[in-house]
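What follows is the residue order along each chain.
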Amino acid sequence: MSRLLVLGSSHVAAMKQAAGAFCAECRDIELSFFAMAAPNFRLGRVGKRGVFAPHLRSRVDRDFIENVNGARTIDLTTFDHILVVGFRFSLSDLAWLLMDHDILEGSDTGKALHCSEAFAQACIDQLVARELSLVTNCLGQNRNYILTDAPYPAVSIAARSEEYAPARALSAFMAHPDAPVLFEYWQKAVSSAVEGAGYRWLPQPADTVAAPFGTNADFSRDAAHIGGGGMDTADHRHMNADFGLKMLQAVSMDILENVPDTA
């Protein structure tokens, strides 16, 4: 029996919602969860003894974390594997660049400004390095961590484009003719950075991806709330139990593929 902890931000809710279905099909993994709002998680710290303590900004933060998890901290040394979800390696920031610029070596979409592909790649490298510094400050040395990105926004986020500028940038990026090449470069950059820091990297399951940096909209319907139950409205960033199950299935395969050789 392997003990798996899912640790992270509000995106843990999708996997928590899928726990029953997953445990019914994978009885050799014992699941636990520890979740909180993104600022509490991303600025939290794992201490020298392996205890994760969230970053608390107020008593409200403390009370919410205790209500969700039954505790304010968690000892990571009691788990065989730790799936970490909630860091986002900032490809959405690149979307803003392509709102105003065409790629010199790429497609002409009629924009007045241009930048080179090398410049776009350098931006990706910097964004990934910035996020990785948050990861290492939070987690410290490897403790059987399996990192995955926060889910890509659902392609349905385009429905919010008129009143929500980030949705406008993201949906434009997903449809951009040069996005697939940049998305592939970003995926490789994230994988290389995370593994270079000594952690394992598990990308979002390919069969959930509908566009570059875009998740199939079916997975954002009836998304789970970290505090329990469903979300009041679709925010197109949080995913449902179907997504959570696919993520847990991918984790179980990763665990099986990384069993240490025995003497």
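See the structure printed just above.
Residues numbered from 1 in each chain as written. Predicted model: local features only at pLDDT ≥ 70, side-chain atom pairs only at ≥ 80, totals over all residues. Heavy atoms only, no water.

A.B. asks: Explanation requested: the pattern of salt bridges in the structure shown.
C.D. replies: Pairing between side chains of opposite charge can happen when their charged atoms approach one another. Counting across every chain of the model gives eleven salt bridges. With its nearest N and O atoms 2.9 Å apart, the salt bridge here joins D61 to R57. Judged by its relative accessible area of 51%, R57 is exposed. The salt bridge partner of D207 is K246, with a shortest N-O separation of 2.8 Å. One end of the pair, D207, is in the loop between β10 (200-201) and β11 (209-211); the other, K246, is in helix α9 (residues 241-257), with 39 residues separating them in the sequence. Exposure remark for K246: the relative accessible area of 26% places this residue in the partly exposed category. (Salt bridge = Lys/Arg side-chain N within 4 Å of Asp/Glu carboxyl O. Buried < 20%, exposed > 50% of the residue type's maximum accessible area, 1.4 Å probe, protein only. Helix = DSSP H or I, 4+ residues; strand = E, 2+ residues; numbered from the N terminus.)

A.B. asks: Explanation requested: empty space enclosed by the protein in the structure shown.
C.D. replies: A water-sized probe rolled over the atoms picks out the places where empty space is left. Counted under the stated rule, the structure contains one cavity of 30 Å³ or more. Roughly 30 Å³ of volume is contained in the largest cavity. M15, V85, T148, D149, A150, P151, F243 and M247 are the residues that line the largest cavity. For the lining of the largest cavity, a count of residues per class yields six nonpolar, one polar and one charged. (1 Å grid on protein atoms, 1.4 Å probe; cavity = no way out; pocket = protein on both sides within 12 Å on 5 of 7 lines; lining within 4 Å. Points joined across faces, edges and corners; volume = space filled by probe spheres on them. Nonpolar A, V, L, I, M, F, W, Y, C, P; charged D, E, K, R; others polar.)

A.B. asks: Which parts of the structure should I look at to understand helix α8 (residues 179-196)?
C.D. replies: Helical geometry: 3.6 residues make up each α-helical turn, so side chains three or four residues apart lie on a common side. Compared with an ideal rise of 1.5 Å per residue, which puts 18 residues at 26 Å, α8 spans 25 Å between its outermost C-alpha atoms and is within 8% of the ideal. If you follow the buried residues of α8, they end up packed against α5 (91-100), α6 (117-139), β9 (145-148), α7 (165-175) and β10. With its phi angle positive at about 100°, G198 sits one or two positions after the end of α8. (Expected span 1.5 Å × (residues − 1). Contact = heavy atoms within 4.5 Å.)

A.B. asks: For this particular structure, what's the right way to read the packing of α5 against α6?
C.D. replies: Two packed helices can be described by the angle between their axes and the distance between those axes. Interhelical geometry of α5 versus α6 gives an angle of 150° and a closest axis separation of 9 Å. For the element pair α5 / α6, the angle class is roughly antiparallel. For the element pair α5 and α6, the recorded crossing hand is right-handed. Every residue of α6 that contacts α5 at L91, D93, L94 and L97 is listed here: F119, A120, C123, I124, L127 and R130. Along the lines of polarity and charge, the residues of the contact of α5 with α6 split into eight nonpolar, no polar and two charged. (Axes fitted to C-alpha atoms, helices over the stretch in contact; angles between N-to-C directions. Parallel < 35°, antiparallel > 145°, perpendicular 65-115°, else oblique. Left-handed = near helix turned anticlockwise from the far one by under 90°.)

A.B. asks: What am I meant to see in unusual backbone geometry here?
C.D. replies: Across residues other than glycine, the phi torsion is negative in most instances, and most of the peptide bonds are trans. Residues other than glycine seldom take positive phi values, yet N144 does so here, at roughly 60°. If you trace the backbone, N144 turns up in the loop between α6 and β9. With a phi close to 60°, F213 is a non-glycine residue in the positive phi region. Take F213: it is sitting in the loop between β11 and β12 (214-215).

A.B. asks: I tried to follow the pairing of strand β1 (residues 2-8) on my own but got confused; where do I start?
C.D. replies: Taken residue by residue, a regular strand's side chains alternate between the two faces of the sheet. In terms of residue burial, β1 counts as a mostly covered element, since five of its seven residues are buried. Here β1 runs beside strand β6 (residues 81-85); their pairing, made up of five bridges, is parallel. Bridge pairing in β6 places L5 opposite I82. (Pairing = 2+ DSSP bridges.)

A.B. asks: How should I be thinking about the state of the cysteines in this particular structure?
C.D. replies: Applying the stated criterion across every chain yields a total of zero disulfides. Take C26: it sits in no disulfide, and the sulfur closest to it among the cysteines is that of C23, at 7.9 Å. In this structure C123 is not part of a disulfide, and its nearest cysteine sulfur, from C115, lies 7.0 Å away. The class for C123 is partly exposed, based on a relative accessible area of 23%. (Disulfide = S-S within 2.5 Å.)

A.B. asks: I keep staring at α7 and nothing clicks. Help me out?
C.D. replies: Within the sequence span of α7, burial applies to A167, A169, L170, S171, F173 and M174. Buried-residue contacts for α7 involve α5, α8, β11 and β12.

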